[in-house]
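Single-letter residue listing:
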Amino acid sequence: MYVENEASAIVKERVIVQQYEIDNTLVERAQQGDTEAFGELIEQHRSKACDWAKRMTGDPHMADDVVQDALIRAFMHLGSLADTSRFLPWLHRIVCNQANMRLRRGGPYRKERPFTSMGSAVSEEPRVDWENLDSILYHLARTATDAAVRDQDPQENLLRKEMYETIHALLHCLTPKERGIFRAYFFRQLGPEEIASMYRMTTGSIYTYIHRSRQKLRKEHIRVALGLIPEKGECGLIRSKVLQMPEWPGHISVKSTFIDSIGRMLAAIGDRREMAELMGVSSFAFRMKISDQTTFADSIYIFDWRRTLQTFMEELGYKITMLCGQLSDSPIPLLGAVERFPVVLPIEESVLPFIRKYIDLGKPVLYFDTQASKPYVHEWSVIYGYDEEQQIVYMSDQMLPEGKTLTYDDVTYNPVRFAAGIDSVLEPDVRPIRISEQKQQAERTVRFAVNYARNGCDYRPMTSYLKYTSGLVAYNRWIGHLRNRHVVPNRYGLGQLSAVYAEAKRYASLYLRSVPFEGEAMRLTLLASDAYEQSAEAMEQLSSYVPFIRSSEMLLADMLETCAVYLEQAKEFETAAVGYLEKALTFIREEKGCKYS
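Predicted model, so just to flag it, every value in this text is computed and none were measured.

Novice: How would you summarise the overall build of the chain if you had to cite specific residues and measurements?
Specialist: Summing up its helical and strand segments, the chain has 20 helices and ten strands in all. Here the chain holds 597 residues, and the buried ones make up 53% of them. Contacts in the chain between residues far apart in sequence, at least 24 positions, make up 72% of those at least 6 positions apart. Summed over its atoms, the accessible surface of the chain is roughly 28400 Å², and 53% of this surface lies on carbon and sulfur atoms.

Right under this line is the structure:
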């Protein structure tokens, strides 16, 4: 007998352990949004919940309503259950709280009957359908109103109002599309495949929407658990935010939109920089690259975006985070620059949270826009706001002073994913240069300018047919395209190239006038500045001759020859400028040698 009892006890213990493990797994799955797991969990313990409610209320009808309310509250709070092994005691506490809430009104029913005891009155007051969102909200709203009118019980009114506003706050923190998918999945119990068919989306996208909705609701769970119920009309999550951007008149803006957009980002956080400094320190004032095929404008964009941005921002004293990618199964513009980016899927959640994060922190986001306004094809811009309700972002555009909007889908399906946000100011001992040490920074910039002019860019596309020439020899390539009767120069590209590089050389001149060199080094640098200015003037002549516009005008032979002459003049002056800078660096090295000798 003792052996049998011991064996029976062991079996019971194993069953309890097994049930405990099943419950634990079901709770974890339910917290991850698995409604089947939540339903199975409730099915296993519903009878226990009913027994608890009956013992406390003494009435089976009231107990049924108590359990229904408790299950709604359990669903809302499940995300706040830290210890999944404590599910049963946690559910017991919720049932007890709901029962006490009803009993505090003065006994069974008092003046309000539970829905399950209405009998013939059901036709006048329909039974609540706990599987239907509208029915739940109607029930909560009506009972809250009835409690206020019939009972004049402030505490009961507050508790009902709390549940009503809690559910409203949870669901209305979702966008209309998220809310529709959430309702279909959680309340109508439709499968992802059915919902995907309804919305003409992929099943994977439906899972993404459900996951994103759960992330938002989890934040609301925390508010609810702490008793931080939103005020009427308030949403617990930020639904929209538009940053007040500083004025950016035309005389400040530059055609190198990579630098222009960074300047806007910095100005938005209170760091106003002269454009000459930004163009010089970034080295964009000294760059020039030409396609080996013809006068395509794509050469302006072919550089290492990630390394260049990170290095430049470190020079300015900032730490940044970048988001990069190229969309799969989509034509990729500027392949020579984007080919090293990881292949990504068009999933909204992989890019929109990044943008919202920085906007919520009051910081605009650098963004590469492939839907830029004409005459541009694609450009860097700044995203400075978003609206969850309308599913749009607010952003700058080189041709639209008032800015524009893009839909979330536009951002998600952008074939080139490139976004960056400013995280923080670098600590002094981490910065490559202290801000006060401008001379060292200027020396590095001048050294880059000379090296780039002599040796070209060190970034090379991996795709074999994409080849570019950079530095001073880029002039030879450019002139060769114009004088080679076997090459058809691209009219649009020629206009953009000349406009961008004419402005760059103008800023090279302005930057060099500001560097803190001394003595002979400064004299030579000023001569270089004058030479860059003359190079800019020659290039501006070319730009005015072939303006940067969309045009079907043919480039005749005499026009091409005139352009080639302007380029020869620009090359002559820039070659002289580089020579002066080389000599300036020689004097700087000699000064350093004297100091250390």
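Novice: Which residues make up unusual backbone geometry, and what values go with them?
Specialist: For residues besides glycine, phi is generally negative; the peptide bonds are generally trans as well. Cis geometry is adopted by the peptide bond preceding proline 375, which originates at lysine 374 and carries an omega value of 10°. Note that proline 375 resides in the loop between strand S5 (365-369) and strand S6 (379-387). Backbone geometry at serine 283 places phi at a positive 80°, although glycine is not the residue there. On the secondary structure map, serine 283 appears in the loop between helix H11 (275-281) and strand S2 (289-291). You will see that glutamine 391, though not glycine, has its phi angle at about 60°, which is positive. Here glutamine 391 shows up in the loop between S6 and strand S7 (392-397).

Novice: Explain the side chain of asparagine 414 to me, using residue names and the numbers behind them.
Specialist: The topology assignment puts asparagine 414 in the loop between helix H15 (408-412) and strand S9 (416-425). Overall, asparagine 414 belongs to the buried group, its relative accessible area being 3%. In this structure the side chain of asparagine 414 is engaged in a polar contact, spanning 2.8 Å, whose partner is the side chain of tyrosine 367. Polar contacts involving the side chain of asparagine 414 include one to the side chain of threonine 370, which spans 2.9 Å.

Novice: Could you give an account of the side chain of lysine 404, naming the residues involved and the relevant values?
Specialist: Inspection of the secondary structure assignment puts lysine 404 in strand S8 (residues 400-407). At 2.7 Å, the side chain of lysine 404 forms a polar contact with the backbone oxygen of glutamine 371. One polar contact links lysine 404 to aspartate 397, side chain to side chain, over a distance of 3.0 Å. For lysine 404, the residues in contact, after removing those within four places along its chain, are Asp369, Gln371, Ala372, Ser373, Val393, Tyr394, Met395, Ser396 and Asp397.

Novice: Quick rundown of the pairing of S6? Include the residues and the values.
Specialist: Burial analysis of S6 places nine of its nine residues in the buried class, the great majority of the element. Two elements, strand S1 (residues 240-242) and S6, share three bridges in a ladder whose sense is antiparallel. By the bridge assignment, lysine 241 is partnered in S6 with tyrosine 386. Direction of pairing for S6 relative to S7: antiparallel, over a ladder of four bridges. Opposite isoleucine 383, over in S7, you have methionine 395 as the bridge partner.

Novice: Describe in detail the packing of helix H18 (residues 491-514) against helix H19 (residues 519-545), supporting the description with residues and values.
Specialist: Look at H18 against H19: their axes get within 8 Å of each other, and the N-to-C directions meet at 160°. Taken together, the axis directions place H18 and H19 in an arrangement best described as roughly antiparallel. Considering only the axes of H18 and H19, their crossing is left-handed. Here the contact of H18 with H19 is built from residues that sort into twelve nonpolar, six polar and seven charged.

Thresholds, definitions, all that
- Residues numbered from 1 in each chain as written.
- Predicted model: local features only at pLDDT ≥ 70, side-chain atom pairs only at ≥ 80, totals over all residues.
- Heavy atoms only, no water.
- Helix = DSSP H or I, 4+ residues; strand = E, 2+ residues; numbered from the N terminus.
- Buried < 20%, exposed > 50% of the residue type's maximum accessible area, 1.4 Å probe, protein only.
- Contact = heavy atoms within 4.5 Å.
- Areas by Shrake-Rupley, 256 points an atom, 1.4 Å probe, with all protein chains shown as cover.
- Polar contact = N/O pair within 3.5 Å; in protein donor to acceptor, adjacent residues only side chain to side chain.
- Pairing = 2+ DSSP bridges.
- Axes fitted to C-alpha atoms, helices over the stretch in contact; angles between N-to-C directions.
- Parallel < 35°, antiparallel > 145°, perpendicular 65-115°, else oblique.
- Left-handed = near helix turned anticlockwise from the far one by under 90°.
- Nonpolar A, V, L, I, M, F, W, Y, C, P; charged D, E, K, R; others polar.

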